[in-house]
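This is what each chain is made of:
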Amino acid sequence: MDSGELCYTGAFSRQVTHVTDTAFSILPLPAAQLDNLDSLGYHKMTAIQAAALPVAMSGKDLIGQAMTGSGKTAAFALPLLARLNPRDFGTQALVLCPTRELAGQVASEIRRLARYQQNIKVVVLCGGQAIGPQIGSLEHGAHVVVGTPGRIKDHLRKQTLDLSRVNCVVLDEADRMLEMGFVEDMETIIGETPTARQTLLFSATFPSDIAAMSTRFQQQPERISVAALVQDEQIDQRFFICQPQDRLGGLAKMLGHYAPESAVVFCNTKQVVREVSAFLQQQ
Ligand code: AMP
C-alpha cells in the first residue's frame with residue numbers, strides 16, 4: 001500500500017466474551033412463537049438473548065449492554081410481544097430509537113417476531129416524514145409504537161398519541177440518544193407513560209450519564225453485559241487518514257491489499273453509499 005496517500009496510525013484489539021447458546025424453548029413463549037422463531041432461522045438464543053430474555057420475560061427492568069448485530073432487538077421484542085393484548089388497540093409498548101434508520105430496522109424485526117399472532121400493529125413515528133399519514137395510522141390504533149424522541153413528542157403535543165396504557169418502554173441505543181441531546185424529550189415522553197411499567201434500556205457503552213438515566217427511569221434494574229462475540233486477538237482495528245478526494249481510491253487500494261473474503265463498508269449518508277457502491281462496481 002502506498003503510505004504517501006494513506007497513513008496508518010495505529011491498531012488495537014477489543015474485549016472478549018463467550019457466547020452461551022440456549023434453546024428458546026426454555027422461555028415461557030407460546031408454541032406458535034417458538035415455531036415462528038424456528039421458521040425465521042432463530043434456532044438458538046444469542047448471548048445477549050440468553051442473558052436478557054429470562055430477566056425481561058419475568059417483567060423486571062433491565063440494562064443491557066449490547067451492540068447492533070448481537071440480536072438485542074429480539075431480546076426486547078419477545079417480552080414486549082408476549083405481554084401484548086391483541087384485542088386492545090391502545091398503545092401498549094413504546095420503543096425509542098436515536099435514528100430513523102434504526103427505528104425502521106427495529107419495527108421490521110418486531111413485525112417478523114409478531115407473525116405468530118394476528119393483527120399486531122407496529123407503527124413507526126420518525127421525523128423527516130409527513131406527520132399526516134402517521135396521525136391517520138394512529139387513529140386506527142397501534143399496539144407497538146417505534147420512533148425517534150422528537151417526532152413522538154410532536155405527537156404528544158398534538159394529542160395524536162396516547163401513552164397512558166403503555167406497559168413496556170424500551171430505550172434502544174440509549175447512549176446515542178444521550179449524545180444526540182434527546183434527554184429532555186425522553187423525560188417528557190416517559191413521563192406520559194404509567195409508572196408501573198417495565199423499562200428496558202439497551203446501550204453499547206456505559207458512561208455515567210447512562211447510569212443517571214437508568215436511575216431516573218428504571219426500578220431496580222438488572223444489568224446484563226455481553227461484550228464482543230470474538231476472541232481478543234481476532235479484531236485488529238486500523239485507522240487511516242486521507243484527503244477527501246482520495247477516499248474512494250484509498251478504499252479500493254485497501255480492499256486490494258487486504259483482499260477480504262467479504263467486507264462491509266459503512267457510509268455516513270445515502271448519497272455516499274450510492275457513490276461508493278457505483279465506484280466499487282466500476283472497479
Ligand atoms: P440485532 O442485533 O437485533 O440488529 O440483530 C442482528 C441480526 O441477527 C438480525 O438480522 C436478526 O434477525 C438476527 N438474529 C437475532 N436473533 C437471532 C437468533 N437467535 N438466531 C439467528 N439470528 C438472529
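Look up: the structure comes first, before these words.
Residues numbered from 1 in each chain as written. Predicted model: local features only at pLDDT ≥ 70, side-chain atom pairs only at ≥ 80, totals over all residues. Heavy atoms only, no water.

Colleague: Sorry, what's going on with the site of the ligand here?
Modeller: Taken together, 14 residues are adjacent to the ligand, and Tyr42, Lys44, Gly69, Gly71 and Thr73 come closest. Tyr42 places a polar side-chain atom, nitrogen or oxygen, 2.3 Å from an oxygen atom of the ligand. Lys44 places a polar main-chain atom, nitrogen or oxygen, 2.8 Å from a nitrogen atom of the ligand. Contact with the protein chains removes 69% of the 500 Å² of surface that the ligand exposes when unbound. Elements with a minimum of two residues in the shell around the ligand: helix 3 (72-82) and helix 4 (100-113). By residue class, the composition of the shell around the ligand is two nonpolar, eight polar and four charged. (Near = heavy atom within 4 Å. Polar contact = N/O pair within 3.5 Å; in protein donor to acceptor, adjacent residues only side chain to side chain. Areas by Shrake-Rupley, 256 points an atom, 1.4 Å probe, with all protein chains shown as cover. Helix = DSSP H or I, 4+ residues; strand = E, 2+ residues; numbered from the N terminus. Nonpolar A, V, L, I, M, F, W, Y, C, P; charged D, E, K, R; others polar.)

Colleague: Is there a simple way to think about the environment of Thr148 in this case?
Modeller: Its location among the elements puts Thr148 in the loop between strand 5 (144-147) and helix 6 (149-157). Put simply, Thr148 and Leu102 are 46 residues apart on the chain and 9.1 Å apart in space, counted from C-alpha to C-alpha. In this view, Thr148 contacts Cys97, Pro98, Thr99, Arg100, Leu125, Cys126 and Gly127; residues no more than four positions away in its chain are not counted. (Contact = heavy atoms within 4.5 Å.)

Colleague: Looking at this structure, how should I read unusual backbone geometry?
Modeller: Trans is the prevailing form of peptide bonds, just as negative phi is the prevailing case for residues other than glycine. We note that Asn119 has phi near 65°; this positive angle belongs to a residue other than glycine. Note that Asn119 resides in the loop between helix 4 and strand 4 (122-125). Given the relative accessible area of 58%, Asn119 is considered exposed. (Buried < 20%, exposed > 50% of the residue type's maximum accessible area, 1.4 Å probe, protein only.)

Colleague: Help me out: how do you make sense of the packing of helix 2 (residues 47-57) against helix 3 in this one?
Modeller: Describing two packed helices takes the angle between their axes plus the distance from one axis to the other. Interaxial distance between helix 2 and helix 3 falls to 9 Å at its minimum, and their mutual angle equals 25°. Comparing their axes, helix 3 and helix 2 come out roughly parallel. In the packing of helix 2 onto helix 3, the handedness of the crossing is right-handed. In contact with Ile48, Gln49, Ala52, Leu53, Ala56 and Met57 of helix 2, helix 3 contributes Lys72, Ala74, Ala75, Leu78, Pro79 and Ala82. When the residues that make up the contact of helix 2 with helix 3 are grouped by side-chain class, the tally is 10 nonpolar, one polar and one charged. (Axes fitted to C-alpha atoms, helices over the stretch in contact; angles between N-to-C directions. Parallel < 35°, antiparallel > 145°, perpendicular 65-115°, else oblique. Left-handed = near helix turned anticlockwise from the far one by under 90°.)

Colleague: Looking at this structure, how should I read helix 4?
Modeller: The periodicity of an α-helix, 3.6 residues per turn, causes residues three or four places apart in sequence to face the same way. The first and last C-alpha atoms of helix 4 sit 20 Å apart over 14 residues, in line with the 20 Å expected at 1.5 Å per residue. Within helix 4, burial applies to Leu102, Ala103, Val106, Ala107, Glu109, Ile110 and Leu113. For helix 4, the angular spread of the buried residues around the axis is 165°, confining them to a single face. Structurally, helix 4 contributes buried residues whose contacts are with helix 1 (31-39), helix 3, strand 3 (93-96), strand 4 and strand 5. (Expected span 1.5 Å × (residues − 1). Arc of directions from axis to C-beta.)

Colleague: Where do I start with the packing of aromatic side chains in this structure?
Modeller: Two numbers describe a pair of aromatic rings. These are the distance of the centres and the angle of the planes. Summed over the entire model, instances satisfying the criterion amount to one aromatic pair. Above the ring of Phe217, the side-chain terminus of Arg216 is found at 5.7 Å from the ring centroid. Here the guanidinium or amino end of Arg223 rests over the ring plane of Phe206, the centre of that ring lying 4.0 Å away. (Phe/Tyr/Trp six-rings, centres within 6.5 Å; stacked < 30°, edge-to-face > 60°. Lys NZ or Arg CZ within 6 Å of the ring centre and 35° of its normal.)

Colleague: Explain the sheet that holds strand 2 (residues 62-65) here, please?
Modeller: Strand pairing in a sheet is mediated by backbone hydrogen bonds. Such pairs are either parallel or antiparallel. In space, the seven strands of this open sheet follow the order 4-5-3-6-7-2-8, with parallel pairing throughout. Of all strands in the sheet, those with a lone pairing partner are strand 4 and strand 8 (222-225), marking the two edges. Direction aside, neighbouring strands of the sheet carry axes that sit 15° apart on average. Note that strand 2 and strand 7 (residues 198-203) share four bridges and pair parallel. (Pairing = 2+ DSSP bridges.)

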